[in-house]
Amino acid sequence: MKSYEHLFIDGRWVAPVKHGRFETIDPATEEVIANVAAASAEDVDLAVKAARRAFDEGPWPRMRGVERAAVLRRIGKGIRDRLEELARIEVRDNGKPLPEARWDLGDAAGCFEFYAGLAEKLDENAETPVALSDERFSSVARREPVGVAGAIIPWNFPMLMGAWKVAPALAAGCTMVLKPSELTPLTALELADIAANADLPPGVLNVVTGLGRDAGAPLSEHPGIDKLAFTGSVPTGSRIMQAAARDIKNVSLELGGKSPFIVFDDSDIDAAVEWIMFGIFWNQGEVCSATSRVLVQRGIYDRLLERLEEQTRKITIGNGLQDGVLLGPLVSRGQYDKVHEAVERGLSEGARLVTGGGRPAHLERGYFMEPVVFADVPADAYIWNEEIFGPVVCVRAFDDEAEAVRSANDSRFGLAAAVMSRDLARCERVARALRAGIVWINCSQPTFTEAPWGGYKQSGIGRELGEWGLNNYLETKQITRYDSDKPWGWYIK
């Protein structure tokens, strides 16, 4: 087994200052995969200082965009060259089915390639002339890297979430300290190895693994960080925002969701069921944008539920490395218990359990759970309002468009939403009425590197992906010049 007992700081693999270790567990077998380096505040300090030196004194922010792009493309190629190996590591660390892991790794490579293209464009549009009202002056707005970025990523899409932050930050000319989830730390360390082999200068990317309280909190509080980027839960995002406020740090947050999916009664039921299932059972429902609240117009409510139950029962559950598996285990014992508690609470609050919730009979070990469909869920129920982050879908009926939009928007979250109907004019109208940062029409969950990603309300601040993701890591500077050969004449006459 490969050793993961070192941190990646300043271009070198180093042992943690306090020699800390923690275990990472295969959620399908409950067996230890590896012992992993556990960083402390002292290690985080070393990593931030390395990133600071690399930004203040090193070549990376001063390179032309085309030079940074060449490194980013080598990182993308490094991921593609090892895609199968990395996908299998991801399955063992996270639990997701192998085809999904391959898809994620391909998207991660594509993310580096996409931002390589934007890095090249920075050479052409780093400065924009500004038209002024006084011809004696000229001015430009200049885009520059924000500085040292601290990134904290979740466990549901380990390398992909790393790519979403590392690629645009590096493209912009920033340096970074990356802290992955302690539940899925392995591919972040592999990314560091790939970056080093791509000739990324020392200190530009540093990876510190460890527990949130020991590594994540010191990173979010470190005065040497200029920008914090976080994806994860609302409570943790709130704490990071509080830490950022002390030093007035630039911050972007991609937080939780309880995304609605509105299905009108002119929809094809089989198509609706397929998108509903993809929207909640992909990646075991451990997806921030999962369309876990389904609103179905009353005319097709019973027929759709019947078909949804039938198809949900057919889902193949098992170890993600086995052929044909569509639903792997939940990521950890803690998440498994949390989802089970939510199911029990749903039952106690009056929701009707259509199917699922138990342990599959053929799986004695691992954090496996049969996918859950709840119907007739009360609007004030916990499971209708709170993010469960598991394979649990809640279904309610509605009568008309106004009621559907009102119910969909009645949430403290606003990450994503979906609407399905053969009437495209109605879909467009509803899409514009939904209070969410991402809206899908006649589908759920397609994600493209080119398009903005982020939410309204408590689902976060800022946008990732596309040019918006690059802008997260850029500051705008005004440079104004006095061009006249005559004295200004305010004081000296």
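Residues numbered from 1 in each chain as written. Predicted model: local features only at pLDDT ≥ 70, side-chain atom pairs only at ≥ 80, totals over all residues. Heavy atoms only, no water.

## Regarding the sheet that holds strand β19 (residues 438-441)
The 7 strands lie next to each other as β14-β15-β16-β13-β12-β18-β19, forming an open sheet whose pairing is mixed. Single-partner strands in this sheet number two, and they are β14 (352-355) and β19. For this sheet the average axis-to-axis angle between neighbouring strands, irrespective of direction, equals 20°. Where strand β12 (residues 260-263) meets strand β13 (residues 293-297), 4 bridges bridge the pair, whose relative direction is parallel. Within β13, the position partnered with V263 by the bridge is V296. Across the sheet, helix α13 (residues 401-409) touches β12, β13 and β16 (392-398), and the angle it forms with β13 is around 175°. (Pairing = 2+ DSSP bridges. Helix = DSSP H or I, 4+ residues; strand = E, 2+ residues; numbered from the N terminus. Axes fitted to C-alpha atoms, helices over the stretch in contact; angles between N-to-C directions. Contact = heavy atoms within 4.5 Å.)

## As for the pairing of β13
The two faces of a sheet get side chains in turn, since along a regular strand they alternate between them. Here β13 lies mainly inside the structure; 5 of its 5 residues are buried. Side chains of β13 alternate between two faces, with R293, L295 and Q297 and V294 and V296 buried alike. Of the crossover connections in this fold, the one passing from β12 over helix α9 (residues 269-281) to the parallel β13 is right-handed. Relative to β16, β13 runs parallel, the two sharing 5 bridges. Within β16, the residue paired with V296 across the bridge is A397. (Buried < 20%, exposed > 50% of the residue type's maximum accessible area, 1.4 Å probe, protein only. Right-handed = clockwise from strand over helix to strand, strands pointing away.)

## Digging into the packing of aromatic side chains
Geometry of an aromatic ring pair is reported as the spacing of the ring centres plus the angle between the planes. What the rule picks out here adds up to 14 aromatic pairs. On the numbers, 5.0 Å between centres and 85° between planes, the contact of F114 with Y115 is edge-to-face. Residue classification places F114 among the partly exposed positions, given a relative accessible area of 22%. With relative accessibility at 0%, the residue Y115 sits in the buried group. Centroid distance W164 to W453: 5.6 Å. Interplanar angle 65°. Geometry classified as edge-to-face. Highlighted residues: W164 in helix α5 (residues 158-172) and W453 in the loop between β19 and β20 (456-457), separated in sequence by 289 residues. What links up through ring pairs into an aromatic cluster is the set W103, W275, F278 and W282. (Phe/Tyr/Trp six-rings, centres within 6.5 Å; stacked < 30°, edge-to-face > 60°.)

## Considering unusual backbone geometry
In this structure, D376 takes a positive phi of about 55° despite not being glycine. Within the secondary structure layout, D376 lies in the loop between β15 (372-375) and α12 (382-385). Relative accessible area serves as the criterion here: at 38%, D376 is assigned to the partly exposed category. The backbone of F389 sits at a positive phi, close to 60°, despite the residue not being glycine. Given the relative accessible area of 16%, F389 is considered buried.

## Some details on the packing of helix α3 (residues 83-94) against helix α6 (residues 186-197)
In the contact formed by α3 and α6, the axes pass within 9 Å of each other and the chain directions differ by 155°. Of the possible angle classes, the one that applies to α3 and α6 is roughly antiparallel. Here L86, I89, E90 and D93 of α3 come into contact with α6, specifically with L186, T187, E190 and I194. Residues that form the contact of α3 with α6 fall into these classes: 4 nonpolar, 1 polar and 3 charged. (Parallel < 35°, antiparallel > 145°, perpendicular 65-115°, else oblique. Nonpolar A, V, L, I, M, F, W, Y, C, P; charged D, E, K, R; others polar.)

## Section: the side chain of S411
Of note, S411 is situated in the loop between α13 and β17 (413-414). Here F413 takes part through its backbone nitrogen, which lies 3.0 Å from a polar atom of the side chain of S411. In contact with S411, other than residues within four places in its own chain, are K258, R293 and K457. (Polar contact = N/O pair within 3.5 Å; in protein donor to acceptor, adjacent residues only side chain to side chain.)

## Examining the nonpolar core
I75, I79, F112, V263 and L304 are the most contacted members of the largest nonpolar core, which has 106 residues in total. Each residue touching L304, except ones within four places of it in the same chain, is listed here: V263, I269, A272, V273, I276 and V296. Within the second largest apolar cluster, 30 residues are counted, among which are F398, A404, A417 and C427. (Core = buried A, V, L, I, M, F, W, Y, C linked by side-chain atoms within 4.5 Å.)

## Points about the confidence of the model for the protein
Confidence in the prediction of the protein, expressed as mean pLDDT, is 97, and 99% of residues score 70 or more. Of all secondary-structure elements in the protein, the lowest mean pLDDT belongs to helix α8 (residues 234-247), at 94, while β12 reaches the highest, 99. (pLDDT = per-residue confidence, 0-100.)

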